[in-house]
There are 2 protein chains.
Amino acid sequence: MTTPVLRIAREQRDAVEDQVVVEYPLTVIVNGQQMATMLCSPAKLEYLAVGFLAAEGLVSTKDDIERVRFDEEKSAVEIDITGNPALSTGYDFGRFITATSAKGAVVHSFADGMNQARVESEITFAPSHFFTLMEDFQSRSAIFKVTGGVHSAALADSEHIILFSEDIGRHNAVDKVFGECLLENIPAQDRILLISGRVSSEILFKIARRKVPIIVSRSAPTNLAIRAANYLGITLIGFVRGQRMNVYANDWRIE
Amino acid sequence: MTTPVLRIAREQRDAVEDQVVVEYPLTVIVNGQQMATMLCSPAKLEYLAVGFLAAEGLVSTKDDIERVRFDEEKSAVEIDITGNPALSTGYDFGRFITATSAKGAVVHSFADGMNQARVESEITFAPSHFFTLMEDFQSRSAIFKVTGGVHSAALADSEHIILFSEDIGRHNAVDKVFGECLLENIPAQDRILLISGRVSSEILFKIARRKVPIIVSRSAPTNLAIRAANYLGITLIGFVRGQRMNVYANDWRIE
């Protein structure tokens with residue numbers, strides 16, 4: 001969308017119309033019960049809602065989902081899921097989830113996040129594969145080019161990028177990718193996740209849950225993300241820029 | 001801190017030690033009750049905890065606080081506050097707050113955020129003041145220069161920057177600034193908040209609560225942030241780069 005802007009450059013002042021990034025409040029309703037409202041970019045909303053539920057541990061395969069429907073009037077995605085103990089045992093509904101986190105509940109502690117199965121995939125790639133993927137990844141970031149300030153995430157295999165999502169929320173972009181995997185029966189195992197922003201411990205815990213063995217970013221990881229990657233068997237690559245990159249954990253997957 | 005890294009540049013591979021940004025899990029304990037655990041950068045932790053409480057509406061002046069103490073062994077800030085209705089009427093304790101949001105509970109809906117008093121300050125500044133402030137602001141971002149991927153926030157007056165904070169969380173950087181204002185009795189009224197990242201509606205609601213009339217970023221605002229700024233009487237300036245900037249709301253404060 002566009003907005004009126006007073007553009008100032010040195011002594012010059014111009015009233016112009018400029019593109020601006022949209023924040024959309026999306027409510028997720030599970031089995032008729034309001035679960036969360038999150039601020040997001042208004043695209044792939046069904047995937048976002050399903051990916052969010054998967055990250056919260058409420059669904060893990062498509063079979064757990066009976067129905068997904070976007071209701072434009074309510075700005076809500078309504079999801080009916082099959083019996084899940086978390087729902088009957090007092091899941092904390094009604095929390096307000098923000099654009100940048102959307103993640104309050106996934107990892108209640110660092111110890112919980114670390115207490116997951118190691119990712120066992122034995123795939124390996126040459127560095128050139130990551131350079132090529134990152135180049136493609138960056139050229140796809142359409143919203144960012146126009147308005148600035150948007151995060152992107154993608155799933156890639158040994159050849160190219162399979163899925164690509166953008167969102168004002170770093171976690172939302174990842175949730176959209178995994179929600180699409182889940183609803184469209186696209187496996188994430190033995191594949192590569194690319195993200196535009198910082199790699200935090202929470203992102204590591206999220207991809208461990210989906211069994212993704214390699215994460216690649218053009219930005220920096222945190223110390224806890226590196227510790228989690230080492231512990232969970234995930235190859236962590238950061239600062240991929242041109243023909244350069246840094247490998248922070250499990251570099252045996254680099255040929 | 002430093003971490004071992006395999007650095008790859010074209011055909012070259014080097015095992016090096018590299019600086020990495022630290023994620024620190026901080027627990028906030030209020031009147032003996034655990035309130036939240038957030039991921040943050042380990043500096044100014046008392047200010048972060050107090051700023052977080054202020055953003056949650058649990059304290060609004062220094063008089064509301066009896067004691068603030070950082071307990072390194074527990075990685076917790078313990079705060080004793082004077083009687084507050086929110087505490088007795090069932091504040092949602094125990095939520096896990098993430099680095100990038102730290103904000104689940106501040107604004108439970110866009111309508112709640114908009115339902116605040118307008119910021120009435122009549123101060124005005126020439127564009128050159130913002131160009132100078134932003135130049136200083138960027139030159140101070142020390143952590144970012146070394147490791148990448150950190151957010152900063154600052155409070156400035158008609159002359160220069162008064163307070164400056166950095167954090168891996170966008171909201172945490174702002175909370176540290178307001179926490180320091182509150183504990184050190186530094187007024188925020190008639191002053192300017194600078195932030196490094198995207199301006200979202202939640203940041204607008206947070207600065208309206210502290211009566212800050214002008215927000216300045218080198219990045220982009222969202223559509224809801226612009227709507228909130230117009231409605232709440234806040235001057236919203238984005239994309240300040242060199243001698244250029246965009247004014248998105250209440251441009252009458254620009255001379």
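Residues numbered from 1 in each chain as written. Chains lettered and ligands numbered in written order. Predicted model: local features only at pLDDT ≥ 70, side-chain atom pairs only at ≥ 80, totals over all residues. Heavy atoms only, no water.

Caption draft 1: Focus on the packing of helix H1 (residues 45–55) of chain B against helix H6 (residues 170–183) of chain B. All names here are of chain B. Closest axis-to-axis distance for the H1/H6 pair is 6 Å, and the angle between their directions is 95 degrees. One element, H1, and the other, H6, form an angle in the roughly perpendicular class. When H1 is examined against H6, the residues Glu46, Tyr47, Leu48, Val50, Gly51, Phe52, Ala54 and Ala55 are found in contact with a partner set consisting of Asn172, Asp175, Lys176, Gly179, Glu180, Leu182 and Leu183. By residue class, the composition of the contact of H1 with H6 is 8 nonpolar, 3 polar and 4 charged. (Axes fitted to C-alpha atoms, helices over the stretch in contact; angles between N-to-C directions. Helix = DSSP H or I, 4+ residues; strand = E, 2+ residues; numbered from the N terminus. Parallel < 35°, antiparallel > 145°, perpendicular 65-115°, else oblique. Contact = heavy atoms within 4.5 Å. Nonpolar A, V, L, I, M, F, W, Y, C, P; charged D, E, K, R; others polar.)

Caption draft 2: The sheet that holds strand E1 (residues 2–9) of chain B, seen in detail. If you trace the 8 strands from one edge of the open sheet to the other, you get E9(A)-E8(A)-E10(A)-E11(A)-E12(A)-E13(A)-E1(B)-E2(B), paired in mixed fashion. With partners counted over all chains shown, the strands left at the sheet margins are strand E9 (161–167) of chain A together with strand E2 (12–19) of chain B, one partner each. Along the sheet, successive strands turn relative to each other by an average axial angle of 25 degrees, direction set aside. Strand direction decides the pairing type here: strand E10 (residues 192–195) of chain A and strand E11 (residues 214–217) of chain A, joined by 4 bridges, are parallel. Residue pairing for E11 of chain A: leucine 193 of chain A is matched across the bridge by isoleucine 215 of chain A. (Pairing = 2+ DSSP bridges.)

Caption draft 3: A look at the packing of aromatic side chains. Residues and elements named next belong to chain A. With the rule as written, the count across this model stands at 4 aromatic pairs over all chains. Seen in terms of ring centroids, phenylalanine 125 and phenylalanine 130 are 5.9 Å apart; in terms of plane orientation they differ by 85 degrees. Their pairing is edge-to-face. A single burial state applies to phenylalanine 125 and to phenylalanine 130, both of which are buried. Ring geometry for phenylalanine 137 and phenylalanine 164: centres 5.7 Å apart, planes at 70 degrees, overall edge-to-face. With a gap of 27 residues between them, phenylalanine 137 in helix H4 (residues 127–139) and phenylalanine 164 in strand E9 connect regions that are remote in the sequence. Relative accessible area serves as the criterion here: at 1%, phenylalanine 137 is assigned to the buried category. (Phe/Tyr/Trp six-rings, centres within 6.5 Å; stacked < 30°, edge-to-face > 60°. Buried < 20%, exposed > 50% of the residue type's maximum accessible area, 1.4 Å probe, protein only.)

Caption draft 4: Representation of the sheet that holds strand E12 (residues 235–241) of chain B within the structure. Reading across the sheet, the 8 strands line up as E2(A)-E1(A)-E13(B)-E12(B)-E11(B)-E10(B)-E8(B)-E9(B) and stay open at both edges, with mixed pairing between neighbours. The strands lining the two open edges of the sheet, one partner per strand, are strand E2 (12–19) of chain A together with strand E9 (161–167) of chain B. Going from strand to strand, the sheet's axes swing by 25 degrees on average, the running direction of each strand aside. Where strand E8 (residues 151–156) of chain B meets E9 of chain B, 6 bridges bridge the pair, whose relative direction is antiparallel. Paired with leucine 155 of chain B across the strands is leucine 163 of chain B, a residue of E9 of chain B. Packing against the sheet, H6 of chain B makes contact with E8, E9 and strand E10 (192–195) of chain B, and its axis sits at approximately 140 degrees to E9 of chain B.

Caption draft 5: Inspection of unusual backbone geometry at higher detail. The phi torsion at phenylalanine 239 of chain A lies on the positive side, around 50 degrees, for a residue other than glycine. Relative to the helices and strands, phenylalanine 239 of chain A is located in strand E12 (residues 235–241).

Caption draft 6: Expanded view of the pairing of strand E5 (residues 65–71) of chain A. Residue and element names in this part refer to chain A. Both E5 and strand E6 (residues 76–81) contribute to a ladder of 6 bridges, which runs antiparallel. Residue pairing across strands places valine 68 opposite isoleucine 79, the latter belonging to E6. In textbook terms, the turn of a hairpin is the stretch between consecutive antiparallel strands, and for E5 and E6 this stretch comprises 4 residues, one of which, serine 75, has a positive phi near 40 degrees.

Caption draft 7: Structural context of helix H8 (residues 223–232) of chain A. Counting buried positions along H8 of chain A gives 7 out of 10 residues, so the element sits mostly inside the fold. For H8 of chain A, every residue scored as buried is listed here: Asn223, Leu224, Ala225, Ile226, Ala228, Ala229 and Leu232 of chain A.

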